[in-house]
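Chain residues, written in single-letter form:
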Amino acid sequence: AVARDLPWARAGVIADGSLTITGTEMRVRLVDRRAERTMIDARAPLDRWRALVDSLTYGTLLALWETRSPLAASLPRSALPRTTLGLARFIQAEQLVAAARWEGAYAAYLLAEETDSTCLLCSWRVNDVARWLGRQPDPARTRRYLAHIAAFPADYQSLIRAGQLPLVERLDTLHALTERSGRFLLGWFQLGDELFHRGPLAGRRRGEAIPAFEKAARLRPDFRPAWEHLAWVSIAEGDSIGADRALAALDRRGPVQDAYSQTLRLLMHLGFA
């Protein structure tokens, strides 16, 4: 599909593959020639060759996603869906979040979780997006991913645990996370969100959220929630230049689709006026 639809110079992934049959076993290797890394190295009995097809599809889909999303490199592989369909639906939900389409993202994460119940990250994302929609996180989901938190890498573990801590400790944990992992987008975004919405309850200025959101926007310019929150806090702080810049960045990325996001955008423009 890549060869047919895209010039090679623009292809996200250029793969070299090999198939080896030894006795009754097949081995398939797929290497990303551009990134010089192995995408798939799988074995299966000859009579279970379809399992290798699934592995190839899954590995190719994940490799393509990594070329298109700065978030992909930090994804916790052991907490992702294990099936190709589950991964495809998870990626669709990730795209909806990046576009600040909150209602659509919530439904898409639920569908990904339903498609592949092994997806711990889906469960965490469902609860996280629920907060933006003013819904209470599902305690059963929280217990599930906390019980398997070892499946997440250290940065995600800090981020997930921060949500369970009292406010001052939560802010301290998020500050430590961003200092330790300066390119972890979700760490910066979560820090900004806590400072903006709850920072004053801990004696912090609301405006302290601005550098965190600016960092998130620099790390991923197409991540609309960062611009959305940057506009929000700039308006609240009376920073007309910063607010105008953030709203313009949002508008350049096209109209929003769902009713919740449309209402939020209109309220921000009204607040700016």
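The structure under discussion appears in the preceding block.
Residues numbered from 1 in each chain as written. Predicted model: local features only at pLDDT ≥ 70, side-chain atom pairs only at ≥ 80, totals over all residues. Heavy atoms only, no water.

A. Structural context of the nonpolar core. Phe90, Leu121 and Phe152 are the most contacted members of the largest nonpolar core, which has 69 residues in total. Sort the elements by how many residues they give to this core and helix 5 (residues 120-132) lands first, with eight residues. Residues within four places of Phe152 in sequence aside, it is in contact with Pro76, Ser78, Ala79, Leu120, Leu121, Tyr145, Gln157 and Ile160. Core analysis: the next-biggest nonpolar cluster, separate from the first, contains nine residues, Met26, Met39, Ala42 and Leu52 among them. (Core = buried A, V, L, I, M, F, W, Y, C linked by side-chain atoms within 4.5 Å. Buried < 20%, exposed > 50% of the residue type's maximum accessible area, 1.4 Å probe, protein only. Helix = DSSP H or I, 4+ residues; strand = E, 2+ residues; numbered from the N terminus. Contact = heavy atoms within 4.5 Å.)

B. The arrangement of the packing of helix 8 (residues 167-180) against helix 9 (residues 185-198) in detail. Running from N to C, helix 8 and helix 9 point in directions that differ by 150 degrees, and their axes come no closer than 9 Å. Taken together, the axes of helix 8 and helix 9 are roughly antiparallel relative to one another. Judged by the sense of rotation from one axis to the other, the crossing of helix 8 with helix 9 is left-handed. Seen from helix 8, the contacting residues are Leu167, Arg170, Leu171, Leu174, His175, Leu177 and Thr178; seen from helix 9, they are Gly187, Trp188, Gln190, Leu191, Glu194, Leu195 and Arg198. (Axes fitted to C-alpha atoms, helices over the stretch in contact; angles between N-to-C directions. Parallel < 35°, antiparallel > 145°, perpendicular 65-115°, else oblique. Left-handed = near helix turned anticlockwise from the far one by under 90°.)

C. Seen up close, the sheet that holds strand 1 (residues 15-22). Spatial strand order, 1-2-3: three strands in an open sheet with antiparallel pairing. Lying at the two open borders of the sheet, with one neighbouring strand each, are strand 1 and strand 3 (37-45). If you compare each strand with its neighbour and ignore which way they point, the axes differ by 10 degrees on average. The pairing of strand 2 (residues 25-32) with strand 3 spans eight bridges and is antiparallel. Looking across to strand 3, one finds that Val28 is bridged to Ala42. Where helix 2 (residues 49-68) meets the sheet, it contacts strand 2 and strand 3, and its direction lies at approximately 165 degrees from that of strand 3. (Pairing = 2+ DSSP bridges.)

Nothing here speaks to function; it is geometry throughout.
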